[in-house]
Amino acid sequence: MKEINIGMLGCGTVGTGVAKILIKNKDLISSRVGASLNLKSVADIDIASDRGLQFDKGVMTTDSDKVVTDPDIDIILEMIGGETIAKDLILKAIENGKHVVTANKALLANQGNEIFKAAEIKGVDLAFEASVGGCMPIIKSLRESLVGNKIKSMIGILNGTCNYILSKITDDGSTFKEALAEAQAKGYAEADSTLDVEGYDAAHKLALLISLAYGMEIDLSNIYVEGISSITPMDIEYAGQFGYRIKLLAISKNRGDTVEARVHPTMIPFDNILSNVNGSLNAINVSADAVGDILLYGRGAGMMPTASSVVSDTVDIARNILSGSARRIPLLSFQMENIRKIPVMPVDEIFTHYYIRFSALDKPGVLSRISGILGKNEISIKSVQQKGRKTNGSVPLVMLTHRAKEADVSKALSEINSLDVASDRPVLIRIEDENGQD
Ligand code: HSE
């Protein structure tokens with residue numbers, strides 16, 4: 001049987017999972033592919049730790065350069081993460097004619113244009129399913145299954161750590177700190193967990209998805225990003241009273257010449273299927289002109305689910321090698337010459353519904369002053385709730401708005417913030433509610 005040799009760089013959480021699948025399911029995979037996928041070399045700075053795996057003698061090495069230049073290796077799996085060594089090794093592998101599989105969303109979101117171009121010039125495959133949504137085949141769906149569709153919107157829960165934290169606070173009354181520590185212990189969080197909690201990890205993923213969906217150069221810089229670190233139990237409780245759950249959503253909408261792309265905590269109604277995606281699970285709803293809506297749901301983080309996607313990419317590439325059809329599927333879904341710069345819509349220009357919580361003095365005339373400013377800025381109030389809970393002499397005054405323009409809302413909030421009756425800065429959480437069109 002023909003052998004396809006694989007070199008892996010990095011044997012941490014995901015790398016170990018990949019090795020487990022390639023070793024334990026070797027016969028199953030061979031019987032599906034018609035070739036033996038042979039994990040020839042695994043490079044890591046730590047070759048001593050017990051990973052619960054029996055590598056053949058000589059497989060583990062500390063010499064990653066030797067792996068990416070080994071003439072017998074066909075496919076390199078980059079499982080190191082980070083943007084320096086990983087980038088150098090990927091480029092070196094490409095230069096040496098290797099096909100590459102990576103799960104490195106931060107690298108691709110920040111420096112992907114250069115890397116994809118290098119792969120294109122060299123004529124090699126570069127696959128990255130595991131970089132978005134763990135085991136969910138969203139990249140394959142966009143590149144292949146939905147190829148005949150115009151993508152209208154993609155709305156997803158793409159960060160397992162944030163979803164885990166928000167679920168734990170909402171359902172179990174955990175503190176933010178406790179929930180984050182658990183997510184870290186379970187191996188969901190990035191090495192630098194601010195990438196998760198401040199929304200950047202989800203933004204990296206969204207940058208890749210909009211590139212695939214709309215044929216745009218990868219451009220992270222204009223995606224609006226807000227994380228979950230300032231979400232309070234009080235707002236989660238109010239959300240529940242209004243019939244919403246708070247999720248960190250990655251949202252993109254096709255707006256013709258521009259694309260709406262943003263990541264922020266969002267209130268979604270209980271009857272929105274995404275509101276029932278909890279724990280470390282991810283999901284993404286893609287709305288497209290021919291299919292209508294499709295939903296992918298699954299484990300977005302963790303060793304084996306992420307490794308499953310890496311192996312799937314590896315098998316795709318192995319099949320391309322066997323049939324002599326490298327790059328049969330364009331790396332970024334569109335032919336490289338058709339990939340354009342498409343602007344992301346500034347967040348000030350979006351229209352959506354808002355939850356706003358003011359901390360205001362509980363005295364006559366306060367509500368009318370606040371609603372007066374909102375009205376003057378074209379913001380129509382849908383409902384108001386005030387509970388007599390006094391904190392520092394202030395009460396929480398919560399409003400939901402009808403659809404309004406973000407720029408108008410920002411302007412109104414700064415005017416309200418300067419009133420002598422407002423104490424803390426108002427809290428603003430956007431609402432995604434397809435039933436509340438007005
Ligand atoms: N830190 C990421 C998450 C891992 O929590 O979703 C998967 O990309």
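Residues numbered from 1 in each chain as written. Predicted model: local features only at pLDDT ≥ 70, side-chain atom pairs only at ≥ 80, totals over all residues. Heavy atoms only, no water.

**A look at empty space enclosed by the protein**
In the structure shown here, the tally under the stated rule is two cavities of 30 Å³ or more. The space that makes up the largest cavity amounts to roughly 40 Å³. Of all the elements in the fold, those that place two or more residues in the lining of the largest cavity are helix 6 (138–145) and helix 12 (303–323). Among the elements that take part in the lining of the largest cavity, helix 6 stands out by supplying four residues, more than any other. Among the residues forming the lining of the largest cavity, the class breakdown is one nonpolar, one polar and six charged. Counting only domains with at least three residues in the lining of the largest cavity, you end up with domain 1 (3–134 + 303–336) and domain 2 (138–299). (1 Å grid on protein atoms, 1.4 Å probe; cavity = no way out; pocket = protein on both sides within 12 Å on 5 of 7 lines; lining within 4 Å. Points joined across faces, edges and corners; volume = space filled by probe spheres on them. Helix = DSSP H or I, 4+ residues; strand = E, 2+ residues; numbered from the N terminus. Nonpolar A, V, L, I, M, F, W, Y, C, P; charged D, E, K, R; others polar. Domains from an automatic or database assignment.)

**What about the nonpolar core?**
Generally speaking, a soluble globular protein has its nonpolar side chains buried in company with each other. If you look at the biggest cluster of nonpolar residues, it comprises 78 residues, and the most contacted ones within it are M154 and I210. By residue number, the principal contributor to this core is helix 10 (residues 200–214), which donates 10 residues. When neighbours within four sequence positions are excluded, I210 is seen to be in contact with M154, G215, M216, I223, S252, V259, A261 and V344. Judged by nonpolar contacts, the second largest core, of 31 residues, contains A19, A127, A307 and V310. (Core = buried A, V, L, I, M, F, W, Y, C linked by side-chain atoms within 4.5 Å. Buried < 20%, exposed > 50% of the residue type's maximum accessible area, 1.4 Å probe, protein only. Contact = heavy atoms within 4.5 Å.)

**A closer look at the packing of helix 2 (residues 26–33) against helix 12**
Packing of helix 2 against helix 12 brings their axes to within 11 Å, and their N-to-C directions diverge by 40°. Taken together, helix 2 and helix 12 sit at an angle that is classed as oblique. The chirality of how helix 2 crosses helix 12 is right-handed. Counting all contacts with helix 2, which are made through I29, R32 and V33, the residues of helix 12 involved are V311, V315, A318, R319 and L322. (Axes fitted to C-alpha atoms, helices over the stretch in contact; angles between N-to-C directions. Parallel < 35°, antiparallel > 145°, perpendicular 65-115°, else oblique. Left-handed = near helix turned anticlockwise from the far one by under 90°.)

**Side note on helix 12**
Compared with the 30 Å implied by 1.5 Å per residue over 21 residues, the 30 Å span of helix 12 between its first and last C-alpha is a close match. For helix 12, the complete set of buried residues consists of P305, T306, A307, S309, V310, V311, D313, T314, V315, I317, A318 and N320. Remark: G324 follows helix 12 within two positions and exhibits a positive phi of approximately 65°. (Expected span 1.5 Å × (residues − 1).)

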